[in-house]
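Remarks on the overall topology
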Amino acid sequence: MRIAVGCDHGGFELKEKVKNYLEGKGIPYVDCGSDDDPDIETTRYPFFAAKVAKAVASGEARCGLLICGSGIGISIAANKFKGVRAALVNSTYLARMTRRHNDANILCMGGKIIGEWEAIDILETFLNTEYDGLFHDGSL
């Protein structure tokens, strides 16, 4: 269950906290950047969204996590890639529903919107919820 993790300057601080959580749980991840301290330099979210989206679309990662200031721009950028279903989520309920009903494979959050513990709850829910399929997959 390898996770591709990425952010811009607005999500850097939260990304670092999420990485500590993943390491503590022994969950493998690949850090796709940004590696810059947000106080040093502004980074461009489309570049990091593309790195995570490509990792998920190619199967290099089972799923992805993207964080920018609001979560909006990074989710729009990631959804431009074939095979990516990136969802902007700000509650555990939405994390559960986007997995169960939409089979989202990239979780997007706003680093200026979500606190650390709420982000961890959302991530846990996203990682531990399965897709329901059935009428959600359009095959009926």
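So, here's what we can say about the structure. (Residues numbered from 1 in each chain as written. Predicted model: local features only at pLDDT ≥ 70, side-chain atom pairs only at ≥ 80, totals over all residues. Heavy atoms only, no water.)

Taking 1.5 Å of rise per residue, the 12 residues of helix α5 (residues 116–127) would be expected to cover 16 Å, and the 16 Å separating its terminal C-alpha atoms lies within 8% of that figure. Regarding α5, the residues found buried are Ala-119, Ile-120, Ile-122, Leu-123, Thr-125, Phe-126 and Leu-127. Buried residues along α5 sit in contact with β1 (3–7), α1 (12–25), β3 (63–68), α4 (92–100) and β5 (106–110). (Helix = DSSP H or I, 4+ residues; strand = E, 2+ residues; numbered from the N terminus. Expected span 1.5 Å × (residues − 1). Buried < 20%, exposed > 50% of the residue type's maximum accessible area, 1.4 Å probe, protein only. Contact = heavy atoms within 4.5 Å.)

Bringing unusual backbone geometry into the picture now. For the bond from Gly-33 to Ser-34, the omega torsion is 0°, close enough to zero to count as cis. Looking at the element boundaries, Ser-34 is found in the loop between β2 (29–31) and α2 (45–57). The backbone of Asp-103 sits at a positive phi, close to 55°, despite the residue not being glycine. Secondary-structure assignment places Asp-103 in the loop between α4 and β5.

Our next topic: the pattern of salt bridges. For the structure shown, the criterion picks out 10 salt bridges. Among the salt bridges present, the one from Glu-13 reaches Lys-17, with a minimum N-O distance of 3.4 Å. With Glu-13 and Lys-17 both in helix α1 and four residues apart, the pair spans about one turn of that helix. Residue class for Glu-13 comes out exposed when judged on its relative accessible area of 53%. (Salt bridge = Lys/Arg side-chain N within 4 Å of Asp/Glu carboxyl O.)

Spatially, β2-β1-β3-β5-β4 is the arrangement adopted by the five strands of the open sheet, whose pairing is parallel. Edge positions in the sheet fall to β2 and β4 (86–88), since each of these pairs with one other strand and no more. Taking each pair of neighbouring strands and ignoring which way they run, the sheet shows an average axis angle of 20°. Here β1 pairs with β2 via three bridges, running parallel. Its bridge partner being in β2, Val-5 is matched across the sheet by Asp-31. Sheet strands touched by α2: β1, β3 and β5. Its angle to β3, the strand with the most contacts, is close to 170°. (Pairing = 2+ DSSP bridges. Axes fitted to C-alpha atoms, helices over the stretch in contact; angles between N-to-C directions.)

What follows is about the packing of aromatic side chains. A complete count under the given rule lists one aromatic pair for this structure. Consider the rings of Phe-47 and Phe-48, whose centres lie 5.0 Å apart with planes at 85°: the pair is edge-to-face. What makes Phe-48 buried here is its relative accessible area of 10%. The ring of Phe-126 is capped by Arg-99, whose NZ or CZ atom sits 5.8 Å from the centre of that ring. (Phe/Tyr/Trp six-rings, centres within 6.5 Å; stacked < 30°, edge-to-face > 60°. Lys NZ or Arg CZ within 6 Å of the ring centre and 35° of its normal.)

Here we take up the pairing of β3. Of all six residues that make up β3, six are buried, and the element is covered over most of its length. Of the two faces of β3, the one holding Cys-63, Leu-65 and Ile-67 and the one holding Gly-64, Leu-66 and Cys-68 are both buried throughout. Inspection of the sheet shows β1 paired to β3 by five bridges, in the parallel sense. The partner of Ile-3 across the bridge, within β3, is Cys-63. As paired elements, β3 and β5 share five bridges and run parallel to each other.

Considering the arrangement of structural elements, one finds Lys-25 in helix α1. Once the C-alpha coordinates of Lys-25 and Trp-117 are considered, the two residues, 92 residues apart in sequence, prove to be 15 Å apart.

Any link to function would need more than the numbers given here.
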